[in-house]
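Overview (structure and organization)
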Amino acid sequence: MKKCLAILLIVALALGIVACGSTPAGSNKGKLITVGFAQCKADESDWRKANTKSVQEALSEANGFKLILADSNNDAAKQVADVQGFIDQEVDYIIIAAVNEDGWDTVLNNAKKAGIPVILMDRTINASEDLYTCWIGGGFYEEGVKATDWIAKRFAGADKVNIVNLQGQLGASAQVGRTKALEDAIAKNSNWNLLAQQTGEWSTDKAKEIMASWIKQYGDQIHCVYAENDNMADGAIQALEEAGMKVGGDDGIAIISFDANRAYLQMTLEGKINCNVECNPLLGPAVADIIKKIEGGGTPNKKETIDETAFFYDTITQEIIDKRPY
Ligand code: GYE
């Protein structure tokens, strides 16, 4: 009897040691990598929702991460405070999708002093490169050039091209880059005219409100709407259609959009959006790879851009849309 008890005890002890020493699936040495994620505003746009989801899925506990999401509600000052909060919590890494390009030096110096690597995702910032480990995202100015190249083709030979510009949240690098591409193209084309420009804050409702006032002011003088994301393009289209104006297609008011979320590629196929420039939000897996590279002693490239394309109303197909990942 005693012998059986002894054997049972040894087996129980052995199992106990295995259980304590076992590590959760996907994590190294049992410790989860704690990552503070300073997001602009998690549900601000279709793009942003897809981006947030991509990071949450890639930096899951199963993959070895403990992700702490801070939503700044697009308040730049709050986002800086969110990052300081991560430093105070002594996280292992910080990811930032910056609301505004400016205002980062102090808090990033604090992160540097604390030895916490900072990864910029999506948005760029105006700060010394030694204050962050790397940046990964889309080329906003290059996206704008894809759009203005299309405008140049569409309106080749036109006496005048009157453009209204619905900007993203002012100071966001996506807004800065896309707006600059438009302004540079207008400067190069003497027959192009910037009729009106205002921030729609990435929002459908705000863009609809602004577009309605521009319709009252300029009516059929408007030839082209340059909306810096899908949600604002949708708002502009709603206002134009409610005013009985022809939108998109071969001879309607030309609509430019950015992000190429699937729902708006459907509108591109319907001809409502003429040119939709891709900006891929699915950056989570790349960020997870960067962190794992650093964990393994590697050094990521300072800048990692992602390949981006553009879609057009007269060439896009349902098959293309059905294959799109977001
Ligand atoms: O275009 C917009 C989002 O930074 C690329 O931010 C992103 C932009 C995107 O609000 O929809």
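Each chain carries its own residue numbering, running from 1 in the direction its sequence is written. Totals for whole chains, interfaces and linings use all residues, but because this is a predicted model, local features are given only for residues with pLDDT of at least 70 and pairs of side-chain atoms are given and counted only at 80 or more. With hydrogens and water set aside, each side-chain value is computed from the structure's full complement of heavy atoms.

Further remarks concern the pattern of salt bridges. Salt-bridge detection follows one rule: a side-chain nitrogen of Lys or Arg within 4 Å of a carboxyl oxygen of Asp or Glu. The tally for this structure, following the rule as stated, stands at 17 salt bridges. Measuring nitrogen to oxygen at the nearest pair gives 3.3 Å for the salt bridge that ties Glu 319 to Lys 323. Linking Glu 319 with Lys 323, this pair stays in helix H11 (residues 318–323), spanning four residues, or about one helical turn. Burial classes: relative accessible area under 20% of the type maximum marks a residue as buried, over 50% as exposed, and values in between as partly exposed (1.4 Å probe, protein chains only). On the accessibility criterion, Glu 319 (53% relative accessible area) is exposed. A relative accessible area of 64% places Lys 323 in the exposed class. Here a strand is any run of E in DSSP of at least two residues, a helix any run of H or I of at least four, and the numbering for each starts at the N terminus.

Note on pairing: DSSP must find at least two bridges between two strands before they are called paired. The sheet built from six strands is open, its strands ordered E2-E1-E3-E4-E5-E11 with parallel pairing. Looking at which strands have only one partner, the edges of the open sheet turn out to be strand E2 (65–71) and strand E11 (303–305). Sheet twist, expressed as the mean angle between neighbouring strand axes with direction ignored, is 20 degrees. Sheet topology places strand E3 (residues 93–96) next to strand E4 (residues 118–121); three bridges connect them, and they run parallel. Within the sheet, the bridge partner assigned to Ile 94 lies in E4 and is Val 118. Contacts are assigned to residue pairs that have any heavy atoms within 4.5 Å of one another. Each axis is a line fitted through C-alpha atoms, taken for helices only over the stretch in contact, and angles between the N-to-C directions span 0 to 180 degrees. Of the strands in this sheet, strand E1 (33–39), E2, E3 and E4 are in contact with helix H2 (residues 46–58), which crosses E1 at around 175 degrees.

This part covers the environment of Trp 202. The residue Trp 202 is located in the loop between strand E7 (192–199) and helix H7 (204–218) in this model. With a relative accessible area of 3%, Trp 202 lands in the buried category. On a C-alpha basis, the gap between Trp 202 and Gly 244 in space is 24 Å, while along the polypeptide they are 42 residues apart.

Excluding glycine, residues mostly carry a negative phi; peptide bonds, for their part, are mostly trans. Here Asp 122, not a glycine, exhibits a phi torsion of approximately 75 degrees, which is positive. Note that Asp 122 resides in the loop between E4 and strand E5 (134–137). For Trp 202, which is not glycine, the phi torsion reads 65 degrees and is therefore positive.

Glancing now at the site of the ligand. Proximity is defined per residue: if any heavy atom of the residue lies within 4 Å of a molecule or strand, that residue is considered near it. The local shell around the ligand holds 13 residues, among which Glu 44, Asp 122, Arg 123, Arg 178 and Asp 259 are the closest. Here a polar contact is taken to be a pair of N or O atoms separated by no more than 3.5 Å, where protein atoms must pair a possible hydrogen donor with a possible acceptor and residues adjacent in sequence count only if both atoms sit in side chains. Between the ligand and the protein, one listed contact pairs an oxygen atom with a side-chain N or O atom of Arg 48 at 2.9 Å. Here an oxygen atom of the ligand and a side-chain polar atom of Asn 229 are 3.0 Å apart. With a 1 Å grid laid over protein atoms only, a set of points is called a cavity when a 1.4 Å probe fits there but cannot get out and a pocket when it is open yet has protein on both sides within 12 Å along at least five of seven lines; lining residues have an atom within 4 Å of a point. Each molecule is assigned to a cavity or pocket provided more than half of its atoms lie within 2 Å of the corresponding grid points. Applying the majority rule of atoms within 2 Å of the grid points places the ligand in the largest cavity. Those elements that provide at least two residues to the shell around the ligand are H2 and helix H6 (173–188). Classifying every residue of the shell around the ligand gives five nonpolar, two polar and six charged. What fixes the domain bounds is an automatic or database domain assignment. Both domain 1 (32–137 + 281–295) and domain 2 (140–279 + 312–322) contribute no fewer than three residues apiece to the shell around the ligand. Amino acids outside the nonpolar list (Ala, Val, Leu, Ile, Met, Phe, Trp, Tyr, Cys, Pro) and the charged list (Asp, Glu, Lys, Arg) are all regarded as polar, and Gly is one of them.

Throughout this description, the term nonpolar core refers to a set of buried Ala, Val, Leu, Ile, Met, Phe, Trp, Tyr and Cys residues connected via side-chain atoms within 4.5 Å. With 32 residues, the main nonpolar core has Leu 166, Met 211, Trp 214, Ile 222, Val 225, Leu 240 and Ile 255 as its most contacted residues. Put simply, the parts of the chain that give this core at least two residues each are strand E6 (161–167), E7, H7, strand E8 (224–227), helix H8 (230–242) and helix H9 (262–269). When near neighbours in sequence (up to four residues on either side) are disregarded, Leu 240 contacts Met 211, Ile 215, Val 225, Met 245, Val 247, Ile 253 and Ile 255.

Grid points are joined across faces, edges and corners, and a volume is the space filled by probe spheres set on the points. Following the criterion strictly, the structure yields one cavity of 30 Å³ or more and no others. Taken as a whole, the largest cavity holds about 90 Å³ of empty space. Mapped by element, the contributors of at least two residues to the lining of the largest cavity are H2 and H6. The residue inventory of the lining of the largest cavity, partitioned by class, reads five nonpolar, two polar and six charged. Formed jointly, the lining of the largest cavity draws a minimum of three residues from each of two domains, domain 1 (32–137 + 281–295) and domain 2 (140–279 + 312–322).

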